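Here is how the chains run, residue by residue.
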Amino acid sequence: MIEAVAIQNPKSKIDMHEVSVMQSALEIALEHMRRQNAARIHRIHMRVGALSSVVPEALEFAFDVVTHGTPAEGATLEIERVPAVCRCPACQIEFEPDGYFYECPQCGSLNVEIRRGRELELAFLEVS
Amino acid sequence: MKEAATETESRQVVEVNEGILSKNDVFAARNRSLFNATGLLVLNVLSSPGSGKTAFIERTLTDLRGRLRGAVIVGDLATDNDAKRIARSGAPAVQITTGDMCHLEAEMVGKAAGQLNLDDLDVLIIENVGNLVCPSGYDLGENLRVVLLAATEGEDKPLKYPVMFKTADVVIVNKMDIAEAAGFDRATALDNIRRIAPQAVIFEVSARTGQGMQQWYDWLEQRRAQM
Ligand SMILES: Nc1nc2c(ncn2[C@@H]2O[C@H](COP(=O)(O)OP(=O)(O)O)[C@@H](O)[C@H]2O)c(=O)[nH]1
Ligand SMILES: [Mg+2]
Ligand SMILES: [Zn+2]
């Protein structure tokens, strides 16, 4: 399992950033597991925004590393990708930007708010 | 068989809906209220390695000596001597040895700030780890994010790191003294920055020769006065 991921990841070195993010996610998950008086985590569902600076593939690899020997070992990791969504306050419309510049497709304004895409969240768990 | 069925039945879904960096956000909020209580202006300085963060901070604090009381918290790799370089400006410098960390976290900054006498300061400058990706999601409790790029890095730099540039309050284009020699397309660079980060104030400077630094100082002093 780990080997297959390692082949997809030619860097061969694991990404420290995603390991530290995954470590934080696991700590939150274990805390919630204990609060339920549960002993095992079977599934972890995360939301990862396009602007979160986290690479989902690297998170998956980090997941196997950090869960090893914990109550979440062997659990399924589900990553829900959240696209960037902006809002133009002048036109009052929401849009998914394409490309680098977040330009309102209606009026061309660059003065837009980022509404979604920064998410890096633990959504829910399945425990027993 | 029976056991497995029981186990599956006893599984339950637990709603969490918690930010994974929420612990960092708590420390950042704590830092911010500590900093605000003393009227301190706090900058988080970010760039790729070698863009000139240390040189820029060093020059700023040297030139503003007697006008602004500054201190620095610097995220240092073990091999760097940034804290020593900054200390030459006369400003107190606290080093955070980051090892292979790719970003600073609010908790480390809070601890480092504990070594400074915040009441005696006007400005606290945090030199983040040289990285334009990983630090973007970590609030340190700063008032302003200052993102640097060097003219030698090319005009498409903001396009390669849009997420970081979108969080910038200030963009510093450094090494303008060698921009021409490096074939830097200034107009395209400024256009890229303005379109990626329309919220940011832009300064074109050289931390080496000092060109353009005066406009930055004037702006910084004005911001500090608003605190
Ligand atoms: N020509 C020129 N070199 C600079 C300038 N600012 C920094 N440097 C040089 O760029 C290198 C990296 O600078 P440093 O401050 O250590 O970058 P940091 O890694 O971002 O902290 C050093 O050799 C500096 O002397 C500048 O404005 N012009
Ligand atoms: Mg440095
Ligand atoms: Zn519009």
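Residues numbered from 1 in each chain as written. Chains lettered and ligands numbered in written order. Predicted model: local features only at pLDDT ≥ 70, side-chain atom pairs only at ≥ 80, totals over all residues. Heavy atoms only, no water.

Chemist: Give a description of the overall build of chain B that names residues and reports values.
Modeler: The number of helices and strands found in chain B is nine helices and eight strands. When each of the 227 residues of chain B is scored for burial, the buried share is 51%. Considering only intrachain contacts with a sequence separation of at least 6, the fraction spanning at least 24 residues in chain B is 75%. Counting 25 positive and 31 negative side-chain charges, chain B places the centres of these two groups 3 Å from one another. (Helix = DSSP H or I, 4+ residues; strand = E, 2+ residues; numbered from the N terminus. Buried < 20%, exposed > 50% of the residue type's maximum accessible area, 1.4 Å probe, protein only. Contact = heavy atoms within 4.5 Å. Lys, Arg positive; Asp, Glu negative; His and termini not counted. Charge placed at Lys NZ, Arg CZ, Asp CG, Glu CD.)

Chemist: Requested: an account of helix α3 (residues 56–67) of chain A, with residues and values cited.
Modeler: Residue and element names in this part refer to chain A. Between the first and last C-alpha of α3 there are 16 Å, a value that for 12 residues agrees with the 16 Å anticipated at 1.5 Å per step. Of all 12 residues in α3, nine are buried, a share of seventy percent or more. Every buried residue belonging to α3 is among Pro56, Ala58, Leu59, Phe61, Ala62, Phe63, Asp64, Val66 and Thr67, and all of these are buried. Among the residues trailing α3, Gly69 stands out with phi positive, at a value near 75°. (Expected span 1.5 Å × (residues − 1).)

Chemist: Lay out the coordination of the magnesium ion (ligand 2) with the relevant residues and their values.
Modeler: Residue and element names in this part refer to chain B. In the first shell of the magnesium ion (ligand 2), the protein supplies Thr54 (OG1), Asp82 (OD) and Glu127 (OE), at 2.1 Å from the metal. Spacing between the donor residues of the magnesium ion (ligand 2) along the chain follows T-x27-D-x44-E. Residue Asp82 is found in helix α4 (residues 82–87), and its partner Glu127 is found in strand β5 (residues 123–127); the two are separated by 45 residues along the sequence. (Donors = N, O, S within 2.8 Å, 3.2 Å for Na, K, Ca; no water.)

Chemist: Outline the site of ligand 1, listing residues and values.
Modeler: Residue and element names in this part refer to chain B. Taken together, 18 residues form the shell around ligand 1, and within it Gly50, Lys53, Thr54, Ala55 and Asp177 come nearest. Contacts to ligand 1 include Arg85, whose side-chain N or O atom sits 2.9 Å from an oxygen atom. A distance of 2.8 Å separates a nitrogen atom of ligand 1 from a polar side-chain atom of Asp177. When isolated, ligand 1 has an accessible area of 580 Å², and the protein chains bury 77% of it. It is helix α3 (residues 53–63) that provides the largest number of residues to the shell around ligand 1, a total of three residues. Here the shell around ligand 1 is composed, by residue class, of four nonpolar, eight polar and six charged. (Near = heavy atom within 4 Å. Polar contact = N/O pair within 3.5 Å; in protein donor to acceptor, adjacent residues only side chain to side chain. Areas by Shrake-Rupley, 256 points an atom, 1.4 Å probe, with all protein chains shown as cover. Nonpolar A, V, L, I, M, F, W, Y, C, P; charged D, E, K, R; others polar.)

Chemist: Just give me the short version of the interface of chain B and chain A, but keep the residues and values in it.
Modeler: Each partner contributes to the interface: chain B provides 31 residues, whereas chain A provides 31 residues. Buried surface at the junction of chain B and chain A, summed over both partners, amounts to about 2,800 Å²; 60% is from carbon and sulfur atoms. Broken down residue by residue, the surface that chain B buries against chain A is led by B:Val14, B:Ile20 and B:Arg195, which jointly contribute 25%. Our count for the contact surface shared by chain B and chain A stands at one salt bridge. (Buried area = accessible area lost by both parts, 1.4 Å probe. Salt bridge = Lys/Arg side-chain N within 4 Å of Asp/Glu carboxyl O.)

Chemist: How would you summarise the packing of aromatic side chains if you had to cite specific residues and measurements?
Modeler: Residues and elements named next belong to chain B. Evaluated as defined, the whole model comprises five aromatic pairs over all chains. For the pair Phe203 and Trp216, a centre-to-centre distance of 5.8 Å together with 65° between the ring planes defines the contact as edge-to-face. Linking Phe203 in strand β8 (residues 201–204) with Trp216 in helix α9 (residues 213–225), this pair joins segments that are 13 residues apart in sequence. Assigned by exposure class, Phe203 and Trp216 land together as buried. Ring centres of Trp216 and Trp219 lie 6.2 Å apart, and the angle between their planes is 20°; on these two criteria the pair is classed as stacked. Placement of the pair is Trp216 and Trp219 together in helix α9, with a separation of three residues, close to one helical turn. (Phe/Tyr/Trp six-rings, centres within 6.5 Å; stacked < 30°, edge-to-face > 60°.)

Chemist: For the pairing of strand β6 (residues 120–127) of chain A, give the residues involved together with the corresponding values.
Modeler: Extensive coverage of β6(A) is indicated by the burial of seven of its eight residues. Bridge analysis of strand β1 (residues 41–49) of chain A against β6(A) gives seven bridges, and the strand direction is antiparallel. Looking at the pairing, A:Val48 lines up with A:Leu120 of β6(A). Taken together, the six bridges between β6(A) and strand β1 (residues 12–19) of chain B define a ladder with antiparallel strand orientation. For A:Leu125, the partnering residue across the bridge sits in β1(B) and is B:Val14. (Pairing = 2+ DSSP bridges.)

That's the geometry; what it means functionally is another story.
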